[in-house]
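Structural characterization, general
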Amino acid sequence: MIAQLGTQFDALLSGVTTTEARLVATLGILLATAAIGWLLLPRTVRAGERVASRWLERFLDGRGEHSIATLREAVPLSFGLRLIVGILQLALFSLATAAILSLWGQFALVVAALPVAENALTVGARVVLSGFLLAGAYIASDLLEAYVSALSDDSDRITAHQEQLLTRIMQVGLLAVAGLTVLGIWGVNLGGLLVGAGFLGIVLGMAARQTLGSLIAGFVLMFARPFEIGDWVEIGDEEGFVTEITIMNTHMRNFDGEYVVVPNDLVTNQAITNRSREGRLRIHMEVGIGYDDDPTRASEIAEDVLTGIDTVANNPKPYVIPSAFGDSAILLDLRFWIDPPTPQARWRSKATAVEEIQRRFADAGISIPYPQRTVTHPPETAADDETVERVERLDTPPGSRPSGGD
């Protein structure tokens, strides 16, 4: 195509035969090139950039700001404008040089340089198109995140975990499509690449079974939804608040402020206790009273104490029942609910219950006995001991004393 344009261009300029006309035409080409290259092109590019920016802002409507800011940090706007102006100026000067050579009868040099120019133009077009595709895919991934976030805000059925996984899957898919398109633009054999990727995937799958197990478990957690971000959970031996759920791991913060990461395959293979799911939590406590005390009176006092604690829910009401005969006391079972369930509410309610019940029992004369043991002898054992003692006294001569030494 460029060769055909070059032939037509040579035919157009071949009509200029005199030296004076060639000088005038050369001067005109140089002046036009300088005027367009240094005056018109920069202003046109800036005006086009302003128009494109206004159109892009109206189209995005405040979305994708993070990705745009990242791209501007990676490739500053001034650098991008200078690059575009430089490429256009280079193309313009190359065209002017070809015109001058053709004008002076050196079209053979232009023909020799046409393949190089065509290759350069093809490579440049591929570079520009690849850059636009990758930048567009990056901005589109940010738009997808905003779209999924808005969809999650409008629906109560999408959890934060599902929102995060859905966003990552869509972003990875979009970037993969953009990457394959760029490879296709550069003429890479996608069939061979996909076959190689398949074999590589098999090898990696066999070598990283645990990682793939965590990946699959991440999708299971997304659909099963045993807990959400912010829930108070107990997973195996770990207890704390869920701070983040990724495709591979579940992140928790325990009550000591430690950061705990549990692989998702371990999460799905262990018992999960979610104390935040129902919105309330029942607490069990035991207190013992003496066998000489009245269990009914003690239960009434304990229930009154629990009802007066601000962290204890009134519906359902707390209740206290005598539950068992202990070794040293009658055991009372205290059951009450906290709403909402938080570790602070659990600890505060239990501490307050212990302090107030101990004080009220003391005021009412109800004892809280500590463990004690009474040792007694059967009557026949006591009689045998007394007989042995009397025999020893009869065998001892009067006035004798045990010898304490020499």
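Because the structure is a prediction, the values reported are computed rather than measured.

Cut-offs applied
- Residues numbered from 1 in each chain as written.
- Predicted model: local features only at pLDDT ≥ 70, side-chain atom pairs only at ≥ 80, totals over all residues.
- Heavy atoms only, no water.
- Helix = DSSP H or I, 4+ residues; strand = E, 2+ residues; numbered from the N terminus.
- Buried < 20%, exposed > 50% of the residue type's maximum accessible area, 1.4 Å probe, protein only.
- Contact = heavy atoms within 4.5 Å.
- Areas by Shrake-Rupley, 256 points an atom, 1.4 Å probe, with all protein chains shown as cover.
- Polar contact = N/O pair within 3.5 Å; in protein donor to acceptor, adjacent residues only side chain to side chain.
- Salt bridge = Lys/Arg side-chain N within 4 Å of Asp/Glu carboxyl O.
- Patch = residues over 30% accessible without salt bridge, like charges linked within 9 Å, V, L, I, M, F, W, Y side chains within 5 Å.
- Phe/Tyr/Trp six-rings, centres within 6.5 Å; stacked < 30°, edge-to-face > 60°.
- Axes fitted to C-alpha atoms, helices over the stretch in contact; angles between N-to-C directions.
- Parallel < 35°, antiparallel > 145°, perpendicular 65-115°, else oblique.
- Left-handed = near helix turned anticlockwise from the far one by under 90°.
- Nonpolar A, V, L, I, M, F, W, Y, C, P; charged D, E, K, R; others polar.
- UniProt positions renumbered as here; feature names shortened; annotations may be inferred.

Now for the overall build of the chain. A count of helices and strands for the chain gives 12 helices and eight strands. Counting over 406 residues, the chain shows a buried share of 27%. Taking contacts inside the chain between residues at least 6 apart in sequence as the whole, the part at least 24 apart equals 67%. For the chain, the exposed surface amounts to about 26700 Å²; the carbon and sulfur share of it is 61%.

Time to look at unusual backbone geometry. That bond from N315 to P316 is cis: its omega, 0°, falls within 30 degrees of zero. In this structure, P316 sits in the loop between helix 10 (295-307) and strand 7 (319-325). Residue P340 follows D339 across a cis peptide bond; omega there is 0°. Along the polypeptide, P340 turns up in the loop between strand 8 (330-338) and helix 11 (343-364).

Here we come to the side chain of N274. Position of N274 relative to the elements: it lies in strand 5 (residues 272-274). Residue classification places N274 among the buried residues on the basis of a relative accessible area of 17%. At a separation of 3.2 Å, a polar atom in the side chain of N274 contacts the main-chain amide nitrogen of R277. Not counting residues within four places of it along the chain, the set of residues in contact with N274 comprises P226, F227, D231, W232 and V233.

In this section: the pattern of salt bridges. A complete count under the given rule lists nine salt bridges for this structure. One salt bridge in this structure joins R346 and E239, with 3.9 Å as the shortest N-O distance. Of the two residues, R346 sits in helix 11 while E239 sits in strand 2 (residues 238-245), which places them 107 residues apart along the sequence. Of the charged contacts, one joins D333 and R335 as a salt bridge, the two residues approaching to 2.6 Å between their closest N and O atoms. Among the residues examined, D333 registers a relative accessible area of 8% and is labelled buried. Note on R335: relative accessible area 23%, which makes it partly exposed. Look at the salt bridges and you will find they share partners, linking E234, E239, R275 and R346 into a network.

This next bit is on a nonpolar patch on the surface. On the surface, I36, W38, L39 and L40 cluster together into a nonpolar patch covering about 430 Å² of accessible area. If you trace the backbone, L39 turns up in helix 2 (residues 19-60).

With that out of the way, let us pick up the packing of aromatic side chains. A full pass over the atoms with the stated rule returns four aromatic pairs. An angle of 5° between the planes, with centres 6.3 Å apart, marks the rings of Y291 and F325 as stacked. Pair noted here: Y291 is in the loop between strand 6 (281-289) and helix 10 and F325 is in strand 7, with a separation of 34 residues, a long-range link. With relative accessibility at 42%, the residue Y291 sits in the partly exposed group.

For the rest of this paragraph, the subject is the packing of helix 10 against helix 11. Taken N-terminus to C-terminus, the directions of helix 10 and helix 11 make an angle of 140°; their axes are 10 Å apart at the nearest point. With respect to helix 11, the element helix 10 is oriented oblique. The chirality of how helix 10 crosses helix 11 is right-handed. Taken together, the residues of helix 11 that come into contact with helix 10 (itself represented by A298, I301, A302, D304, V305 and L306) are A353, E356, I357, R360, F361 and A364. For the contact of helix 10 with helix 11, the residue count by class is nine nonpolar, no polar and three charged.

A few words now on the UniProt feature "transmembrane region" (unreviewed entry) in the chain. Under the UniProt annotation, "transmembrane region" (unreviewed entry) lies at residues 23-41, 81-104, 124-144, 165-188 and 194-224. Summarising residues 124-144: 100% helix, 0% strand, and an end-to-end C-alpha distance of 30 Å.

Along the chain, L175 turns up in helix 6 (residues 160-185). Take L175: its relative accessible area is 42%, and that puts it in the partly exposed class. Sequence spacing of L175 and S141 is 34 residues, and the spatial spacing of their C-alpha atoms is 7.8 Å. Discounting residues that sit within four places of it in the chain, L175 has contacts with A137 and Y138.

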